[in-house]
Each structure stands twice: as C-alpha cells, then as structure tokens.
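Here's the letter readout for the chains.
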Amino acid sequence: MTDERPRVVIADDQALVRTGFSMILAADGIDVAAEAADGDQAVDAVHRTRPDLVLMDIRMPGTDGLEATRRILSGTVPDPPRVLMLTTFDLDRYVYAALTAGASGFLLKDVTPEHLVAAVRLARTGDALLSPAITRRLIERFVSPTPETPALHRDLAPLTPRELQVLQSLATGLSNTELAAHFRLSEATVKTHVARILGKLRLRDRAQAVVVAYETGLIVPGTRPPGPASGTGAGAGPAAGPDAPY
C-alpha cells in the first residue's frame, strides 16, 4: 500500500457537502485536489489534477454524476481515478447504473467522518466500496438480463472452472472470509482467484465482477453459492478473521 497522500476530487452541487467533506478529509491528511459543482466541472478537474479518487454526486444540474463517471472512465483519462458515488439512499437505481459504468462503489451522504476517511483509503487500495450483501441486494433489484442489456464483458471463457465457481459465489454476497470457508481455501488463495478473475475479464474491481456475473447470466437473483469442489488442494486452510466488506 502506498504511503503517498491520496488526492481526491469532490463533486457535489451542494457547497456545504463539498466543504464538509473537504474539511474532514484534509484533517486526516487526505489532499482535496479540487471541488466541482456539476459533472462538467468534475471531468475538467480530473483532467487538470489527475486525482486518485473522485467522490461523485449522482444527481447534479446539467451534466449529472452518471454521465461524468462514464466520461472519466471511458479511456480519455490515462490511468483514470476510482469513482465513489454519493447518494441519499443505498438502493438508488442510479447507483446500479454507475456500477455498470465502472464506479467502484458508493457512499451515503450522511456518512460519518470516520467512515468517509476509511472509505477513501479503502478505495485507494483498489477495493470496491460495497459490502457483499449490499452488492447482491442492489443488483438483484435492478438487473435486467435481456439481450439489450449492456454488459461490461460477456465472454467468460478465459475463466477456469474454479474461477467460475468463485465468481458465482462472490456474486451471491460472500466476502473473502466466507469464500475461504465455503471452498475450504485460505484467504490468500481466494484473493489470488479474485485477482485472476479481474485480470482475465479486464475489470477494475469486485463490484464490476458482480455486475458481470448477473448480466452474463452466470447467476440469477436468488442463486445460492455453488458447492465446494472435493479436495482442498495446495491452498487449503481454515478461514480466519471476522466477516468484512471486501
């Protein structure tokens, strides 16, 4: 994990939200590179300041956060930042649309200062900021697996049978700790499987992997995790530690 101070752009049409978040982050040694009041300003700020992370309000006048996220993550920005969406309730349908556009997760606007700081630092390390249970619940509510549904990646052929099992179980809401216990593997082995899945499917993080699992039909709402394969293999070991988001 890098020791450099994370650099953040805050995009929200409410000045009080921007100011409050900026003060909280700055007090914890996190650099606020720029603030933006709408999507166009957010995109411009990303191009100018090259931040590590954008806190992006979904609903802003003019260009909203959803369109701004698409622009930022479309490839026009070299080494684009991660984007966390800001919303007022956790099952906002626009959050699901943002995940399909490449956002790494979301934060509720009434987030505590401690959670805000932890979220920014977590996303900086490459983790998705969605608990497994919320990921599943959000996507089950809004996914529509039809031929017209856009998908991030429909070809799952590069995945091994075990990687397909891990992806299925990940999408049902299991954390790394639970995946390790379910497959009778060490957490290190589970993390290796997840990393290979993301690399083979060219995905930014686990949130996108869950979206792909639903949109390709690998899993449907209500699916239970597939049973563990027989034998424990070289990476086997007891799972340890409390359940936690990714």
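My aim in this report is to walk through the structure given alongside it, one point at a time. (Residues numbered from 1 in each chain as written. Predicted model: local features only at pLDDT ≥ 70, side-chain atom pairs only at ≥ 80, totals over all residues. Heavy atoms only, no water.)

### Brief notes about the environment of Glu 114
Next, step 1: With respect to the element layout, Glu 114 can be found in helix H5 (residues 113-124).
Next, step 2: When its relative accessible area of 59% is taken as the criterion, Glu 114 is described as exposed.
Next, step 3: For the pair Glu 114 and Leu 25, spaced 89 residues apart in sequence, the C-alpha separation works out to 9.6 Å. (Helix = DSSP H or I, 4+ residues; strand = E, 2+ residues; numbered from the N terminus. Buried < 20%, exposed > 50% of the residue type's maximum accessible area, 1.4 Å probe, protein only.)

### Describing the environment of Val 77
Next, step 1: Locating Val 77 in the fold gives a position in the loop between helix H3 (65-72) and strand S4 (82-87).
Next, step 2: Overall, the relative accessible area of 4% leaves Val 77 in the buried class.
Next, step 3: Apart from residues lying up to four places away in sequence, Val 77 is in contact with Val 46, His 47, Arg 50 and Ile 72. (Contact = heavy atoms within 4.5 Å.)

### Details of the packing of helix H7 (residues 161-171) against helix H10 (residues 206-215)
Next, step 1: Closest axis-to-axis distance for the H7/H10 pair is 9 Å, and the angle between their directions is 100°. In terms of orientation, H7 lies roughly perpendicular with respect to H10. Contacts between H7 and H10 involve Leu 167, Leu 170 and Ala 171 on the former and, on the latter, Arg 206, Ala 209, Val 210, Ala 213 and Tyr 214.
Next, step 2: Split by residue class, the contact of H7 with H10 holds seven nonpolar, no polar and one charged. (Axes fitted to C-alpha atoms, helices over the stretch in contact; angles between N-to-C directions. Parallel < 35°, antiparallel > 145°, perpendicular 65-115°, else oblique. Nonpolar A, V, L, I, M, F, W, Y, C, P; charged D, E, K, R; others polar.)

### Here's the deal with the side chain of Asp 57
Next, step 1: Relative to the assigned elements, Asp 57 resides in strand S3 (residues 53-57).
Next, step 2: Judged by its relative accessible area of 4%, Asp 57 falls in the buried class.
Next, step 3: Engagement of the side chain of Asp 57 in a polar contact is seen with the side chain of Lys 109, the distance being 3.2 Å.
Next, step 4: Among all residues touching Asp 57, those that are not within four sequence positions of it are Ala 11, Asp 12, Asp 13, Gly 65, Leu 86 and Lys 109. (Polar contact = N/O pair within 3.5 Å; in protein donor to acceptor, adjacent residues only side chain to side chain.)

### Observations concerning the nonpolar core
Next, step 1: Core analysis: the biggest nonpolar cluster contains 55 residues, and Met 56, Met 85, Leu 167 and Leu 201 have the highest contact counts within it.
Next, step 2: If one sorts the elements of this core by residue count, H10 sits on top with seven residues.
Next, step 3: Setting aside chain neighbours within four positions, we find Met 56 in contact with Ala 11, Ala 42, Gly 65, Ala 68, Thr 69, Ile 72, Val 83, Leu 84, Met 85 and Leu 86.
Next, step 4: One finds Ile 30, Leu 55, Val 117 and Val 120 within the second-largest nonpolar core, a separate group that totals 18 residues. (Core = buried A, V, L, I, M, F, W, Y, C linked by side-chain atoms within 4.5 Å.)

### Let's talk about the pattern of salt bridges
Next, step 1: Going through the model one piece at a time under the given rule, you end up with 11 salt bridges.
Next, step 2: With a shortest N-O distance of 3.5 Å, Asp 205 and Arg 82 are connected by a salt bridge. Taken as a pair, Asp 205 in the loop between helix H9 (187-200) and H10 and Arg 82 in strand S4 lie far apart in primary sequence, 123 residues in all. Of the two residues examined, Asp 205 and Arg 82, each falls in the buried class. (Salt bridge = Lys/Arg side-chain N within 4 Å of Asp/Glu carboxyl O.)

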